[in-house]
Number of protein chains: 2
Amino acid sequence: MNIEIVEMSPRDGLQNEKAVLSTEDKVELVGRAVRAGAKRIEVTSFVNPARVPQLADADALMAALPRHDGVRYAGLVINERGLDRALEGKVDEVDVVVVATDTFCGRNQGMTTEQACETAARLVAAARQAGKFTTVTIGASFGCPFEGEVSLDRLGEVLRRVHATGADEIALADTIGVAVPTDVTERLTLARDIVGGDTPLRLHLHDTRNTAVANAVAAVHSGVAVLDASIGGAGGCPFAPAATGNVATEDLAYLFARMGHATGIDLAETISAAVWLEERLGKKLPSALARAGAFPA
Amino acid sequence: MNIEIVEMSPRDGLQNEKAVLSTEDKVELVGRAVRAGAKRIEVTSFVNPARVPQLADADALMAALPRHDGVRYAGLVINERGLDRALEGKVDEVDVVVVATDTFCGRNQGMTTEQACETAARLVAAARQAGKFTTVTIGASFGCPFEGEVSLDRLGEVLRRVHATGADEIALADTIGVAVPTDVTERLTLARDIVGGDTPLRLHLHDTRNTAVANAVAAVHSGVAVLDASIGGAGGCPFAPAATGNVATEDLAYLFARMGHATGIDLAETISAAVWLEERLGKKLPSALARAGAFPA
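Residues numbered from 1 in each chain as written. Chains lettered and ligands numbered in written order. Predicted model: local features only at pLDDT ≥ 70, side-chain atom pairs only at ≥ 80, totals over all residues. Heavy atoms only, no water.

If you check an unreviewed UniProt entry, chain A appears there as Hydroxymethylglutaryl-CoA lyase from Amycolatopsis echigonensis.

As structure tokens, this is what we get:
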């Protein structure tokens with residue numbers, strides 16, 4: 001099975017870092033992701049610059065990014081204002097976020113889960129009308145930093161609402177990195193039962209409790225071949241305490257290459273990008289492969 | 001399925017650290033492992049103190065360690081001199097190491113793999129005659145830092161020699177942390193085919209390339225329920241470049257608890273031990289759970 005890794009470093013990777021990268025550096029990061037083989041890149045969020053200052057240059061970034069055949073840029077949106085900016089910036093994909101718990105959804109986007117689902121329905125319809133590929137990402141699909149366990153019933157209810165938006169793809173996000181492989185199997189099975197066979201599923205993993213690589217393997221065993229990852233394992237959520245970064249792109253690239261699944265990602269280029277990003281952020285990132293190097297060397 | 005975690009921090013966890021812990025601190029570490037629920041603990045190596053100065057106090061440590069009902073202490077040995085010391089120290093288990101490649105075996109213990117297998121046969125026989133439980137651990141079962149890939153044929157040959165020693169248990173070690181889950185499934189299947197159903201198998205994982213948790217899951221799926229781990233994820237091999245620590249005990253404890261497999265390990269006590277060990281070593285350890293905390297909190 002071929003695996004598609006959606007590169008999250010310019011958005012999820014940067015939104016929680018103390019260092020704010022220049023637009024020029026972000027263009028360089030995206031360029032490095034492209035050179036490493038990424039075909040889908042979430043390049044920014046179109047959210048309130050006062051709330052996520054790291055991504056305040058979203059409009060300027062979209063104007064500055066060179067385009068490449070076969071490479072799609074996605075932008076995250078949570079409301080109409082954001083969608084307008086994303087369309088103006090000519091994103092290829094719109095990623096709409098809904099959080100599965102009311103408390104976290106309130107902190108993340110100032111509305112209840114139900115309100116977020118209603119908003120998502122409007123945003124997906126408008127984005128599709130504008131010819132964009134649409135994803136709805138369900139945050140806290142495996143656990144919430146404020147409410148704790150998220151029941152299967154609750155997730156199922158949200159999945160039904162999200163499926164009804166008509167999104168082209170639905171992502172389950174382990175925003176705070178609590179999932180284990182049995183959770184992944186169970187919740188992807190639930191999602192497949194609810195959305196049927198036509199809507200592709202995608203999994204967004206954080207490596208907070210060292211389970212992300214095992215969870216990626218479980219996803220592939222469940223037939224889900226689209227996985228989010230971030231160069232260097234950078235990132236975290238500004239509205240979720242103790243959240244750490246997405247699983248590192250290079251860690252998944254190593255894993256899947258040795259397991260015989262093609263990802264199209266060049267490991268050496270990705271490690272090089274991770275080392276560059278560490279320099280720009282002025283800190284070590286969680287990436288294992290950037291430390292250890294490939295095997296065989 | 002119940003999982004047995006063999007605690008490696010006093011031996012594998014300390015042998016490659018710059019800071020040398022006092023015997024008193026080692027007694028404290030073992031005591032903390034016992035309080036956390038460990039039933040088998042590899043407490044030291046009986047090797048040349050000049051080569052592994054971190055464990056030079058092996059004899060004094062064995063004399064100082066209090067004994068607990070139902071807790072077994074293991075000592076690593078690679079030659080007769082070491083076995084004599086281990087027996088004198090009244091270990092409960094003897095762990096004999098053989099490395100699957102000649103280059104690494106030479107660096108680790110000054111002999112070829114064949115010579116190490118012959119030595120292991122003598123050591124296992126003597127240890128069993130002394131009433132000890134014996135393990136042979138096959139180092140570099142998944143890859144070698146000097147020779148690269150280790151073929152299935154090579155591993156099979158070593159497994160046959162090791163099985164012939166009559167050891168009570170055989171461990172495959174991913175000494176430099178290169179394995180992925182498909183390797184684990186393949187090599188544990190090979191091992192089971194060679195040793196038959198009577199000899200328990202055990203897996204020794206390092207988390208160098210972020211695959212150890214996924215590999216632990218693969219082991220359990222293959223029916224192997226004995227896994228080595230180290231509090232805090234401390235450690236590495238002094239004779240293997242870029243090797244990092246064993247997978248953290250608390251990371252496996254979290255994983256298996258949420259997957260519904262009992263380990264007998266108390267997560268809070270293990271995290272507390274990891275934080276204590278970080279203080280004693282004066283450095284952050286790789287443990288994810290010590291950073292993130294349990295979920296639900």
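Our focus in this paragraph is the overall build of chain A. When you go through chain A residue by residue, the secondary structure sums to 12 helices and 8 strands. Rg of the C-alpha trace for chain A: 17 Å, near the compact-globule value of 19 Å for 297 residues, within the 12% margin. Over its C-alpha atoms, taken along the principal directions, chain A stretches across nearly 50 × 40 × 35 Å. For chain A, the proportion of its 297 residues judged to be buried stands at 63%. Expressed as a percentage of contacts within chain A between residues at least 6 apart in sequence, the contacts between residues at least 24 apart total 73%. (Helix = DSSP H or I, 4+ residues; strand = E, 2+ residues; numbered from the N terminus. Rg over C-alpha atoms; globule rule 2.2 N^0.38 Å. Buried < 20%, exposed > 50% of the residue type's maximum accessible area, 1.4 Å probe, protein only. Contact = heavy atoms within 4.5 Å.)

Let us look at the relation of the copies chain B and chain A. In the superposition of chain B on chain A (RMSD 0.0 Å, axial shift 0.0 Å), the rotation amounts to 180°. Expressed as a symmetry operation, the mapping of one chain copy onto the other fits a two-fold axis. For chain B, the smallest separation between a C-alpha atom and the rotation axis is recorded for A214(B), amounting to 1.9 Å. The fraction of interface residues of chain B whose copies in chain A are also interface residues reaches 100%, indicating that both copies meet through the same surface. (Least-squares fit on C-alpha atoms with pLDDT ≥ 70 in both.)

On to the pattern of salt bridges. Going through the model one piece at a time under the given rule, you end up with 41 salt bridges over all chains. Linking D183(B) and R258(A) is a salt bridge whose minimum nitrogen-to-oxygen distance equals 4.0 Å. Of the two residues, D183(B) is situated in helix α8 (residues 181–195) and R258(A) in helix α10 (residues 249–259); the pairing between them involves two chains. For D183(B), a relative accessible area of 11% puts it in the buried group. We note a salt bridge from R202(B) to D228(B), for which the minimum N-O separation is 2.7 Å. Of this pair, R202(B) sits in strand β7 (residues 201–205) while D228(B) sits in strand β8 (residues 226–229), and the two are 26 residues apart along the sequence. Here the residues in one salt-bridge network are E4(A), R11(A), D12(A), R40(A), E42(A), R72(A), E93(A), E169(A), R202(A) and D228(A), joined through shared partners. (Salt bridge = Lys/Arg side-chain N within 4 Å of Asp/Glu carboxyl O.)

We now examine the packing of aromatic side chains. Residue and element names in this part refer to chain A. For the structure shown, the criterion picks out 2 aromatic pairs over all chains. Taking the centre distance of 5.6 Å and the plane angle of 75° together, the rings of F104 and F146 count as edge-to-face. Placement of F104 in helix α5 (residues 102–109) and of F146 in the loop between β5 (133–139) and α7 (152–163) is noted, with a sequence separation of 42 residues between them. Judged by its relative accessible area of 2%, F104 is buried. A relative accessible area of 27% means that F146 is categorised as partly exposed. The aromatic ring of F133 is capped on one face by R72, whose charged end is 4.7 Å from the ring centroid. (Phe/Tyr/Trp six-rings, centres within 6.5 Å; stacked < 30°, edge-to-face > 60°. Lys NZ or Arg CZ within 6 Å of the ring centre and 35° of its normal.)

Let's shift gears to the pairing of β5(A). For a regular strand, side-chain orientation follows a simple rule: the groups alternate between the two sheet faces. Residue and element names in this part refer to chain A. Along β5, 6 of the 7 residues are buried, which leaves the element largely enclosed by surrounding structure. For strand β4 (residues 93–99) and β5, the ladder comprises 7 bridges, and the chain directions are parallel. Note on β5: the bridge partner recorded for V96 is V136. One ladder, built from 4 bridges, connects β5 with strand β6 (residues 169–174); its direction is parallel. Counterpart to V136 in the pairing with β6 is I170. (Pairing = 2+ DSSP bridges.)

Attention now moves to helix α7 (residues 152–163) of chain B. All names here are of chain B. Compared with the 16 Å implied by 1.5 Å per residue over 12 residues, the 16 Å span of α7 between its first and last C-alpha is a close match. Within α7 the residues assigned to the buried category are L155, G156, V158, L159 and V162. Summarising the axial view, the buried residues of α7 lie within an arc of 165°, below the 170-degree limit, and thus occupy one face. Of the exposed residues in α7, those oriented more than 90 degrees away from the buried face are D153 and R160. Next to the buried residues of α7 lie β4 (93–99), α6 (113–129), β5 (133–139), β6 (169–174) and α8. (Expected span 1.5 Å × (residues − 1). Arc of directions from axis to C-beta.)

All right, on to the packing of helix α2 (residues 23–35) of chain B against helix α11 (residues 267–281) of chain B then. Residues and elements named next belong to chain B. Packing of α2 against α11 brings their axes to within 9 Å, and their N-to-C directions diverge by 165°. When the axis of α2 is compared with that of α11, the two are roughly antiparallel. Of the two possible hands of crossing, α2 and α11 adopt the one that is left-handed. Residues D25, E28, L29, R32 and R35 of α2 lie in contact with α11, whose contacting residues are E269, S272, A273, W276, L277 and R280. (Axes fitted to C-alpha atoms, helices over the stretch in contact; angles between N-to-C directions. Parallel < 35°, antiparallel > 145°, perpendicular 65-115°, else oblique. Left-handed = near helix turned anticlockwise from the far one by under 90°.)

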